[in-house]
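# Per-entry structural report
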There are 2 protein chains.
Amino acid sequence: MAPPPSPLANGGGIATGNSITSRMASVYSEVQNSRLHHPLALPCVFRNPFKIVDGPPSSAAGNPDEIAKLFPSLFGQPSAMLVPGESNESGTALKIGVVLSGGQAPGGHNVISGIFDYLQERCKGSTVYGFRGGPAGIMKGKYVVLTPEYIYPYRNQGGFNMICSGRDKIETPEQFKQAEDVAMKLDLDGLVVIGGDDSNTNACLLAEYFRNKNLKTRVIGCPKTIDGDLKCKEVPTSFGFDTACKIYAEQIGNVMIDARSTGKYYHFVRLMGRAASHITLECALQTHPNITLIGEEVASKKLTLKNVTDHIADVICKRANLGYNYGVILIPEGLIDFIPEVQQLIAELNEILAHETVDDHGLWKQKLLPQSLQLFELLPHAIQDQLMLERDPHGNVQVAKIDTEKMLIQMVEGELEKRKQMGQYAYQFKGQSHFFGYEGRCGLPSNFDSSYCYALGYGAGALLESGKSGLISSVGNLAAPVEEWTVGGTALTSLMDVERRHGKFKPVIKKAMVELDGELLSYVFIVI
Amino acid sequence: MAPPPSPLANGGGIATGNSITSRMASVYSEVQNSRLHHPLALPCVFRNPFKIVDGPPSSAAGNPDEIAKLFPSLFGQPSAMLVPGESNESGTALKIGVVLSGGQAPGGHNVISGIFDYLQERCKGSTVYGFRGGPAGIMKGKYVVLTPEYIYPYRNQGGFNMICSGRDKIETPEQFKQAEDVAMKLDLDGLVVIGGDDSNTNACLLAEYFRNKNLKTRVIGCPKTIDGDLKCKEVPTSFGFDTACKIYAEQIGNVMIDARSTGKYYHFVRLMGRAASHITLECALQTHPNITLIGEEVASKKLTLKNVTDHIADVICKRANLGYNYGVILIPEGLIDFIPEVQQLIAELNEILAHETVDDHGLWKQKLLPQSLQLFELLPHAIQDQLMLERDPHGNVQVAKIDTEKMLIQMVEGELEKRKQMGQYAYQFKGQSHFFGYEGRCGLPSNFDSSYCYALGYGAGALLESGKSGLISSVGNLAAPVEEWTVGGTALTSLMDVERRHGKFKPVIKKAMVELDGELLSYVFIVI
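Residues numbered from 1 in each chain as written. Chains lettered and ligands numbered in written order. Predicted model: local features only at pLDDT ≥ 70, side-chain atom pairs only at ≥ 80, totals over all residues. Heavy atoms only, no water.

### Quick notes on the packing of helix α14 (residues 340-355) of chain A against helix α15 (residues 370-378) of chain A
Residues and elements named next belong to chain A. For the pair α14 and α15, interaxial distance at closest approach is 9 Å and the crossing angle is 100°. In terms of orientation, α14 lies roughly perpendicular with respect to α15. Contacts between α14 and α15 involve Glu341, Val342, Gln344, Leu345, Glu348 and Leu349 from the former and Ser372, Leu375 and Phe376 from the latter. A breakdown of the residues in the contact of α14 with α15 according to their chemical character gives five nonpolar, two polar and two charged. (Axes fitted to C-alpha atoms, helices over the stretch in contact; angles between N-to-C directions. Helix = DSSP H or I, 4+ residues; strand = E, 2+ residues; numbered from the N terminus. Parallel < 35°, antiparallel > 145°, perpendicular 65-115°, else oblique. Contact = heavy atoms within 4.5 Å. Nonpolar A, V, L, I, M, F, W, Y, C, P; charged D, E, K, R; others polar.)

### Thoughts on the UniProt feature "domain: Phosphofructokinase" (unreviewed entry) in chain A
Under the UniProt annotation, the feature "domain: Phosphofructokinase" (unreviewed entry) is placed at residues 95-348 of chain A. For the annotated span residues 95-348 of chain A, helix accounts for 48% and strand for 16% of the residues, and the straight-line distance between the end C-alpha atoms is 50 Å. (UniProt positions renumbered as here; feature names shortened; annotations may be inferred.)

### Let's talk about the pattern of salt bridges
Counting across every chain of the model gives 57 salt bridges over all chains. The residue A:Asp197 makes a salt bridge to A:Lys511 at a minimum N-O spacing of 2.8 Å. A residue pair is termed long-range when its members are at least 10 positions apart, and A:Asp197 in helix α8 (residues 197-212) and A:Lys511 in the loop between β15 (504-509) and α19 (520-525) qualify at 314 residues. A residue is classified by how much of its surface remains accessible, and A:Lys511, at 35% relative accessible area, is partly exposed. When the shortest N-O distance is used, the salt bridge between B:Asp258 and A:Arg441 registers 2.8 Å. With B:Asp258 in helix α9 (residues 241-262) and A:Arg441 in the loop between β11 (431-436) and α18 (447-465), this pair bridges two chains. Residues B:Asp258 and A:Arg441 agree in their burial class; the two are buried. Via salt bridges that share partners, A:Lys306, A:Asp310, A:Asp314, A:Glu415, A:Lys418 and A:Arg419 belong to a single interconnected network. (Salt bridge = Lys/Arg side-chain N within 4 Å of Asp/Glu carboxyl O. Buried < 20%, exposed > 50% of the residue type's maximum accessible area, 1.4 Å probe, protein only.)

### Here we look at unusual backbone geometry
Residues and elements named next belong to chain B. Even without being a glycine, Asp187 presents a positive backbone phi close to 60°. Position of Asp187 among the secondary structure elements: in the loop between α7 (173-185) and β6 (190-195). You can call Asp187 partly exposed: its relative accessible area is 34%. For Asn214, which is not glycine, the phi dihedral falls at a positive 60°. Among the secondary structure elements, Asn214 is positioned in the loop between α8 (197-212) and β7 (218-223).

### Concerning the sheet that holds strand β5 (residues 143-146) of chain B
All names here are of chain B. Read across the open sheet, the nine strands follow the order β1-β2-β13-β12-β7-β6-β3-β4-β5; overall the sheet is mixed. What marks the edges here is a single partner per strand, and that holds for β1 (50-54) and β5. Neighbouring strand axes in the sheet, compared pairwise and without regard to direction, differ in orientation by 30° on average. Pairing geometry for β1 and strand β2 (residues 80-84), over five bridges, is antiparallel. (Pairing = 2+ DSSP bridges.)

### Quick look at the packing of aromatic side chains
Residue and element names in this part refer to chain A. In total, this model carries 39 aromatic pairs over all chains according to the counting rule given. Judged by centre distance (5.2 Å) and plane angle (85°), the ring pair of Tyr129 and Tyr143 falls under edge-to-face. With Tyr129 in strand β4 (residues 127-131) and Tyr143 in strand β5 (residues 143-146), this residue pair connects regions lying 14 residues apart in the sequence. A cation over an aromatic ring shows up here: Arg319 above the ring of Tyr326, its NZ or CZ 5.2 Å from the ring centre. (Phe/Tyr/Trp six-rings, centres within 6.5 Å; stacked < 30°, edge-to-face > 60°. Lys NZ or Arg CZ within 6 Å of the ring centre and 35° of its normal.)

### Some thoughts on α7(B)
Residues and elements named next belong to chain B. Look at α7: 18 Å from first C-alpha to last across 13 residues, which is about the 18 Å you get at 1.5 Å a residue. Among all positions in α7, only Gln175, Phe176, Ala179, Glu180, Val182 and Ala183 are buried. Angularly, the buried residues of α7 cover 165° about the axis, an arc narrow enough to put them on a single face. Away from its buried face by more than 90 degrees, α7 exposes Pro173, Glu174, Met184 and Lys185. On the buried face of α7, the contacting elements are β4 (127-131), α5 (135-140) and α8. (Expected span 1.5 Å × (residues − 1). Arc of directions from axis to C-beta.)

Shown next, in the form of structure tokens:
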């Protein structure tokens, strides 16, 4: 049978060039084409004339005095809110740059569409520059002038492939100067940085730098990360989280039904989210797996790896007694980072690997503290190897490369074997490992993310037009229909605290962690 | 923000019991509920009176004389075809058993619905027994009497969880006797075995056994496997293949867009399909990845692991010269089984592990042939470990547990490192590994699989009513609208050949391999 064109596949290669629109229809899958024409609603504030009103002065998330020193021009800025009323803006044409920074999140293209459409409608004659390949594109002046024909095919589509992304940071004085030169050369009125906590911190530093240099270029951030850890009162969620969780939840649901149908496997599913366990929690709430490990809970209870292993083994034994020898266990990518003893071990290993020769005879292990050595020896060989792997540029273990789910399977297997010998467990444990990651970062954005991103972009356009800088586009009241969403901007400095690095205070937007003070967790932690 | 109920998730735990229907609405996700009410069309032959006409006598796929000896009663049966006309059937109530055998494939529940609905409509007063947990359910007489209320919630839903599945086989004389006793006790007029090649072979043996014992119980098979390797002229595809490929293609499409957006990773994606590479080929046709490895091609060209590695490295170098340092590579699960030198190594290892003690000092390696030892030493440590792992019940390496994609990443990394030192490659290779497997076996069946399975079940009902046994339900003309599909049955013996095992001829349904005689493969093998 001839294979039919897939109505589901989020098709691969996307052509670029002049004839892009006409080539889309043949390259896109049915579902991509249908998403392309999905209409995007806007919050009703954009339907009529609106003005921007300021709230009270803001402070910082911590150490306001230090933040004030780091951002002398921007600190204390009020939040801005769009409300109906006669606008003071003249609708002058603007030159605006936009950049995608860091890992992909579904909806990024719609932020760009939102900015573009806002300017097309309100500031006719505007130009939008798409910086290519992330912040490096700003520094190198690598950009594309965005046109309706260029942008349209990416509407409601996944990925960041319209202008691509990158992880470079604008950090050194030379790099700030490069950005300044490009901003001046392009005569930029504004720049929108679509990124996570680091990128938004960077956006704020750039905003401060431009203001201090008396450049007209304003900088506005947009909250992007599938991890869901960039949020605050005014920014209820980061875009991409909704779509990614739905993709993972669908996969988890399938695996749960597989587990139940077969009746003999425990599926250990690792999910993205290194610093916080929001994805794991959200997927657990959507699918009700048998065990959900929340990193924040593991840390707050100061659990050891042995505790976690025992906990899983306990549930498996309880289920076995009820006749169920299968199940699904969700594990956040960053789990081992939340286990104090593992953190200690990794810190020691980082130190040793940075300064010592690792000999084949294992003499280097004598440098480990006794409890760290004991933990290291407890780990499966494959995990020991992974802990000794190449470091990231900061000399840290690349936690994403550690197969936590496989480690737990091996440790649980060992524990159940012991219990079997003690007559406490009489079944055969079979683990299956999964990592659901990259396939969730570039899926077709959900209706929510499509509309949310479009509104974030539209709002960013409004903030730039009104001359705001150093704010993050903030769309609220998200549980209501799109029409009732609120639109405004929040001072990036108000999300910041400082961290001490190399003897200096560095500003950081604090990652939002899973809150443990609800009744929620005891509910999701185990479903027998 | 409170997490909204997911409109996409294929929700997890499904309640069983009397109040199942009423509980579904609250347990099911929106999309599950919407699928539940998706109408199922039927081939038009079922709309009016029909009769069954026989074709010419059949033979076997190979060694017809041996097959004739193994199936003295059934060999040579003609194919059956449903055609419009006055039926000879009286519409008597029947007692029919149904069993799901082997790994899950989307649509299994609809086969059961089809059988049930056929009997409800045409043979009023019939009883359908669902044997629980696969063929073991037949042997142990573990079943549930299926009712409309029990079945309905599973309509168009993924998984085999309605009655669950299992991999046990009815093989020994005692086991055949157990099946006979249960068939007699339940007074079964027929049994439908929903399974892959092994299960359908088993179904035919059971049909032969029942006929020789003068039991009235007829046995009909249904073609199930996501691997797509159970097919022939009359059975154009096995159910589940369509859905699974669409699920994988969507994930691959997402990863391709991720690769393009980031511009720095090569994603190595392993896909299910141990014996044949149909899934990999179909996904390649749907998504156009950069490299597609087809096991059958690797085998026919007698490629070594080094050849495959070099081939991938060549493409990576070519793409690097064009400025592309990213891509996606599809790998069938069974790849290493197709590489002659690896097969040889595995055979030697199986032999050694069955009879020798594996010492820590590696003295056991001296038992390997020189070229096998060389290959073994070439392999990454993790793969060496996996090759030494526990065997399946037949003493074979569990190929599914070997991370072929990780092995290839390490080997390609090594090769590119060499080329770098020789000045032939100047970039940094970063591999990401994926295995898309279990999440595709229990997804919501596509419209095609939903209708196809319903028709397979309906057809199985018709074959049983007409007294047929030893046929596999065959629905054809699948490229046309459902109404125009043909319905009939094909002699299972006609799909069979024999294999010599333990000095005896065993019947086997030959797996359908990817055909290499088209122009297709040179097209999909590389997309620069």
